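A closer look at the structure
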Amino acid sequence: MKDDFFQALSHPCRREIIRLLKWRDLSAGEIAGHFDIAQPTVSRHLDVLKNAGIVTSRRRANQVIYSLDLTAVQGMLVEILDLLGRGEGERRESEA
């Protein structure tokens, strides 16, 4: 999942989708309205984010509503901080 997470963040459109979803849940159409690219392309970006565990989706009538999965994002942040903390500690110990 870690590789999927970082790969998902590599594209500027996906990072913008995350920025949009941090404020509120949006339908695929609402998200697509923020971009000058075809809706199927936005849907592919949403699939990448969903497969990485960054967003979740649910059906509401004939729409798919996307939400930012803050638990997954926080989990990755903890792992990144842990990684950085360990690297720093290991360096300090080897310098001593």
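Located above this text is the structure these notes cover.
Let me sum up the structure you'll find in this document.

What counts as what
- Residues numbered from 1 in each chain as written.
- Predicted model: local features only at pLDDT ≥ 70, side-chain atom pairs only at ≥ 80, totals over all residues.
- Heavy atoms only, no water.
- Core = buried A, V, L, I, M, F, W, Y, C linked by side-chain atoms within 4.5 Å.
- Buried < 20%, exposed > 50% of the residue type's maximum accessible area, 1.4 Å probe, protein only.
- Helix = DSSP H or I, 4+ residues; strand = E, 2+ residues; numbered from the N terminus.
- Contact = heavy atoms within 4.5 Å.
- Pairing = 2+ DSSP bridges.
- Axes fitted to C-alpha atoms, helices over the stretch in contact; angles between N-to-C directions.

With that settled, the discussion passes to the nonpolar core. Membership of the largest hydrophobic core comes to 22 residues, with the highest contact counts inside it found for Leu21, Ile31 and Ile54. Broken down by secondary-structure element, the contributors of at least two residues to this core are helix H1 (2-9), helix H2 (12-21), helix H3 (28-32), helix H4 (39-51), strand E3 (63-68) and helix H5 (70-95). When residues in this core are grouped by element, the largest group, five residues, is from H2. In contact with isoleucine 31, other than residues within four places in its own chain, are Ile17, Leu21, Leu26, Val42, Leu46 and Tyr66.

The strand order E1-E3-E2 describes an open sheet built from three strands, whose pairing is antiparallel. Every other strand in the sheet has two partners, leaving strand E1 (26-27) and strand E2 (55-60) as the edge strands with one partner each. In terms of strand pairing, E1 meets E3 through two bridges, oriented antiparallel. Counterpart to serine 27 in the pairing with E3 is isoleucine 65. Along the sheet, H2 makes contact with E1, E2 and E3, crossing E3 at roughly 90°.

Moving on, we come to the pairing of E2. Sheet analysis places E2 next to E3, joined by six bridges and oriented antiparallel. Bridged to serine 57 within E3 is tyrosine 66. Between the end of E2 and the start of E3, which pair antiparallel, lie two residues, with alanine 61 showing a positive phi angle near 55°.

Interpretation in functional terms is not warranted from these geometric data alone.
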